[in-house]
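An overview of the molecular structure
This is what each chain is made of:
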Amino acid sequence: TMAAIGVHIISARCLCVALFFLGSEAFLVLPSISINGGHAAVRSYFSFKSAKSTSIQPLKTNALKMTLQTPQLVAVVGATGGVGRLAVAACIQLGVKIKAVVRDEKKAASLLPPVVDVVKADLVNPEFGIGLKNAFLGADAIILATGTSAFPSEKWGDKNSNSPRFIDDEGIKNAVKAIEEINANAEISGSPRIQRVTLLSSIGVQRRNQFPFFILNLFSVLDSKAAGEIALKEASKRAGFQYAIVRPGRLVGGPYTNPDFAKLLQLDEGDMRAVEMRVGDPDGFAGDASRRQTALALAQTLVQPLGEDGLDFSLVNRKGPALTQGDWDMAFDRLSRPNEVLRLEFTSLDEAKFRRWLVNWGGGIVTNGALFPPLPVPFRVDYEQDPEKIGIVLTFLSVTVVGQVTPLGALSVRLVKAQGPRVGAGGPALVITREPKEQTKPFPGEGQILDKLQEDLYRVTSNARGMGSAQSVWGANNIDT
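The notes below deal with the structure included here. (Residues numbered from 1 in each chain as written. Predicted model: local features only at pLDDT ≥ 70, side-chain atom pairs only at ≥ 80, totals over all residues. Heavy atoms only, no water.)

**Section: the layout of surface pockets**
Gaps between atoms show up when a probe of the same size as a water molecule is rolled over them. Convention followed: Cavities and pockets were defined on a 1 Å grid built from protein atoms only: a cavity is a group of points that admits a 1.4 Å probe but offers it no way out, a pocket is an open group of points flanked by protein on both sides within 12 Å along at least five of seven lines, and a lining residue is one with an atom within 4 Å of any such point. Grid points are joined across faces, edges and corners, and a volume is the space filled by probe spheres set on the points. In DSSP terms, a helix is any run of H or I states spanning at least four residues, a strand is any run of E spanning at least two, and both are numbered starting from the N terminus. All amino acids are sorted into three groups, where Ala, Val, Leu, Ile, Met, Phe, Trp, Tyr, Cys and Pro are nonpolar, Asp, Glu, Lys and Arg are charged, and the leftover types, Gly among them, are polar.
Roughly 860 Å³ of internal volume is contained in the second largest pocket. Secondary-structure elements contributing two or more residues to the lining of the second largest pocket are helix H8 (221–239), strand E13 (310–318) and strand E18 (428–435). Taken together, the residues of the lining of the second largest pocket sort by class into six nonpolar, ten polar and eleven charged.

Here you go:
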């Protein structure tokens, strides 16, 4: 239960959002803050571009065991393609056993290492080879890394049997049908349930009526991919598996020929090895994506949190070094919480003192002149009455000239126990999220409020260690009130 403690009505003003502010789809590591007696040090922001590794690192903990049942076997469809082959290499580095589902076994034998099991099957013709269902049997997870050209070409075949309609639409639906049948009969057959399915799609699928994507969609490649995505999401609910949809930008880079398989993940990408990821397919987000980084993202979906049901996201390459495993962990952790706009982690905290401070802070920001420049919309501050919880809610309001008040949405500010693979000492965290969940864009003045929150915390807190590496361990903390 929340009780109102004030309403701040202000005039409309334009404002610059502070540079540190991260919108609904943030791709910088969120800050941690350390609390002591009088002064604070906020962990410096760093992008996932800042990693030093040039290739994916082995997992230090066996995250796969937490998400997949034994046997840990992943079926990769399209394993001899540019992205698929790289995905096989990335999965092997994660310690995952691979079953390659291919149409041409001889080609697969020449491109893939002997450690990979190869079976003959086809998405377009489910009865081809051993059959699509039989090809999936025994797998815990599936990566669907198939695709074709967007415009008519020799890749479509004589009868267009490899056109987007057959590959990205009907082919994915055939795969989904086989997965549903396997999970429906798992108890009787004794075969493992398929728990995760990852689909390689394309950026622009949800913007296919916008420029420039409508040009790419002239022969319905994005329409076909959209149909495949929908089929996968709907089946995940019926068959009880998690899904991941990976939407890379324009695919670039090798392998162009047939380099040594062991060196696939060391392909030279120049200085464009960093990755930016966004939930969904947001407006204005575009760019190139290397096949290598796309494949690494596909492999990471096997071991990362995907939310309650699943996760779909877009990715492009940016200038900078490649991601370490820790960077991938934090990137996916952030993607799985799309409505979280800020997280401040403490190494330790006197919660009673912090509760008083937060309530006083909430009451203080509604006073005249507390926020300068004034916010462009009014807001109301409510505080948590449940003694077991610590938090406030800032509700943004629309007020008409006749005084009619309509809530626009809210920022929930709550203290929670630290969770997930985040950097820090494992203490509580102050988490700010947007409500309702459908709210993906910042509220008017949101950045200014978050700036004020961090600034005021900085003034009453301190850090027991000197400023150093973002990976440093924080000292003992408290708060003065």
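**As for helix H9 (residues 291–300)**
Put simply, the rule reads: Relative accessible area decides the class of each residue, using a 1.4 Å probe on protein chains only: under 20% of the type maximum gives buried, over 50% gives exposed, and in between gives partly exposed.
Of all ten residues making up H9, nine are buried, and the element is well covered by its neighbours. Here H9 has its buried residues at Arg-292, Gln-293, Thr-294, Ala-295, Leu-296, Ala-297, Leu-298, Ala-299 and Gln-300.

**Quick look at the nonpolar core**
As a reminder, the rule being used: The term nonpolar core refers to a set of buried residues drawn from Ala, Val, Leu, Ile, Met, Phe, Trp, Tyr and Cys, joined through side-chain atoms within 4.5 Å. We call two residues in contact whenever any of their non-hydrogen atoms come within 4.5 Å of each other.
Counting 43 residues, the largest nonpolar core has Met-277 and Phe-313 as its most contacted members. At six residues, the largest contribution of residues to this core is made by helix H2 (residues 82–93). Phe-313 has contacts with Ile-245, Val-246, Arg-247, Met-277, Arg-278, Val-279, Gly-280, Ala-297, Thr-301, Phe-332 and Leu-335, leaving out every residue within four places of it along the chain. Trp-361, Phe-379, Val-413 and Leu-430 belong to the second-largest nonpolar core, a separate cluster that totals 30 residues.

**With respect to a nonpolar patch on the surface**
Which entries qualify depends on this criterion: Residues form patches when they are more than 30% accessible in relative terms and have no salt bridge. Like charges link within 9 Å. Nonpolar side chains (Val, Leu, Ile, Met, Phe, Trp, Tyr) link within 5 Å. For every accessible area listed, the method is Shrake-Rupley and the probe measures 1.4 Å; residues are considered covered only by the protein chains on display. A side-chain nitrogen of Lys or Arg and a carboxyl oxygen of Asp or Glu constitute a salt bridge if their distance falls within 4 Å.
Taken together, the side chains of Phe-151, Phe-211, Phe-214, Ile-215, Leu-218 and Phe-219 define a hydrophobic patch exposed on the protein surface, amounting to about 620 Å² of accessible area. Within the secondary structure, Phe-151 sits in the loop between strand E7 (141–144) and helix H5 (164–184).

**Examining the packing of aromatic side chains**
Selection rule: Geometry of aromatic contacts follows a simple scheme: Phe, Tyr and Trp rings, the Trp one being its six-membered ring, pair when their centres are within 6.5 Å, and the pair is stacked under 30 degrees between planes, edge-to-face over 60, tilted otherwise.
The final tally for this structure, using the stated rule, is nine aromatic pairs. One aromatic cluster is present, formed by Phe-346, Phe-354, Trp-357 and Trp-361 through successive ring pairs.

**As for the environment of Asp-122**
Where we set the bar: What qualifies as a polar contact is a pair of N or O atoms within 3.5 Å, subject to a donor-acceptor requirement within protein and to the restriction that residues adjacent in sequence count only when both atoms come from side chains.
Mapped onto the elements, Asp-122 comes out in the loop between strand E6 (117–120) and helix H4 (132–136). Residue class for Asp-122 comes out buried when judged on its relative accessible area of 12%. With 52 residues separating them along the chain, Asp-122 and Asn-174 place their C-alpha atoms 9.4 Å apart. In this view, Asp-122 contacts Arg-103, Phe-128 and Leu-132; residues no more than four positions away in its chain are not counted. From its side chain, Asp-122 meets the backbone nitrogen of Val-124 in a polar contact 3.2 Å long.

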